[in-house]
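An overview of the molecular structure
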Amino acid sequence: MNMRTLIRLTFANPVSAVYLTLVGAALAVATGVSLFGQDPGFVWIWPTLVTAPSSFAATAAGMLLWGASKPPLWFSAGLLVACALVQSAALGAVWQAVRRGRRPLADPQHG
């Protein structure tokens, strides 16, 4: 798989575009509430759930890296963006496989 195929799978299909828009909106709201709100509470649960299940494993790895202290906002947001891009590529691959499965392999008129 070359870089062009990976970019096409990640960004250039309707399923990945909708997914990345949803993740972007969740990240924007969570970041805005964290930066400008009095008490962000559990606002980061939404981007984490939208990027699940890869975000669960990545968050666990981040807790090992930062220990008992809370990781900085840039690290949490970057981690969720990376998880979203990985899952967007996976969704693009599934979308491509489904679309390929609906097309006939050979043209019946031309053998």
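Report on the accompanying structure. If you're wondering where the values come from, they're calculated on a predicted model, not measured in any experiment.

Turning to the side chain of Asn13, a few remarks are in order. Structurally, Asn13 can be placed in the loop between helix 1 (3-11) and helix 2 (14-36). Taking relative accessible area as the criterion, Asn13 reaches 8% and is therefore assigned buried. For Asn13, the side chain forms a polar contact with the main-chain nitrogen of Ser16, separated by 2.8 Å. The contacts of Asn13, once residues within four sequence positions are left out, are Arg8, Gly92 and Trp95.

Another point: the layout of surface pockets. To find leftover empty space, a probe the size of one water molecule is rolled over the atoms. As a volume, the largest pocket reaches approximately 470 Å³. Every residue lining the largest pocket is counted, 19 residues in all, and those nearest its centre are Trp44, Thr59, Lys70, Pro71 and Ser76. If one sorts the elements of the lining of the largest pocket by residue count, helix 5 (residues 73-102) sits on top with five residues. A class-by-class count of the residues in the lining of the largest pocket yields eleven nonpolar, seven polar and one charged.

Bringing the packing of aromatic side chains into the picture now. Within this structure, the stated rule accounts for two aromatic pairs. The rings of Trp66, Trp74 and Phe75 are connected pair by pair, giving a single aromatic cluster.

In summary, soluble globular proteins display a tendency toward joint burial of nonpolar side chains. Of all hydrophobic cores here, the largest spans ten residues; its members are Tyr19, Leu20, Val23, Leu27, Ala30, Val43, Trp44, Ala77, Leu80 and Ala84. For this core, the elements supplying multiple residues, two or more each, are helix 2 and helix 5. Ranked by residues supplied to this core, first place goes to helix 2 with five residues. Excluding its chain neighbours within four sequence positions, the residues that come into contact with Leu27 are Trp44, Pro47, Leu80 and Val81.

So, how was this worked out
- Residue indices begin from 1 for each chain and proceed along its sequence in written order.
- With pLDDT at 70 or above as the cut-off, local features in this predicted model cover only qualifying residues; side-chain atom pairs require 80 or more to be listed or tallied, and sums for whole chains, interfaces and linings still use all residues.
- Excluded from the side-chain calculations are hydrogens and water; all other atoms, namely the structure's heavy atoms, are used.
- Secondary structure elements are defined from DSSP: runs of H or I of at least 4 residues count as helices, runs of E of at least 2 residues count as strands, and each element is numbered from the N terminus.
- Partly exposed describes any residue whose relative accessible area lies between the buried limit of under 20% and the exposed limit of over 50%, with all areas from a 1.4 Å probe on protein chains only and scaled to the type maximum.
- Throughout this description, a polar contact denotes any pair of N or O atoms lying within 3.5 Å of each other; where both atoms belong to protein, one of them has to be capable of donating a hydrogen while the other can accept it, and for residues adjacent in sequence the pair is counted only when both atoms sit in side chains.
- It only takes one pair of heavy atoms within 4.5 Å for two residues to be counted as in contact.
- Here a cavity is any set of points on a 1 Å grid over the protein atoms alone where a 1.4 Å probe fits but cannot get out, and a pocket is any open set with protein on both sides within 12 Å along at least 5 of 7 lines; a residue lines the site when it has an atom within 4 Å of a point.
- Grid points are joined across faces, edges and corners, and a volume is the space filled by probe spheres set on the points.
- Note on residue categories: nonpolar means Ala, Val, Leu, Ile, Met, Phe, Trp, Tyr, Cys or Pro, charged means Asp, Glu, Lys or Arg, and polar means any other residue, Gly included.
- Classification of ring pairs uses Phe, Tyr and Trp, with its six-membered ring standing for Trp, and accepts pairs whose centres are within 6.5 Å; under 30 degrees between planes counts as stacked, over 60 as edge-to-face, and the remaining range as tilted.
- Residues enter a nonpolar core if they are buried and are Ala, Val, Leu, Ile, Met, Phe, Trp, Tyr or Cys, with the set joined through side-chain atoms within 4.5 Å.

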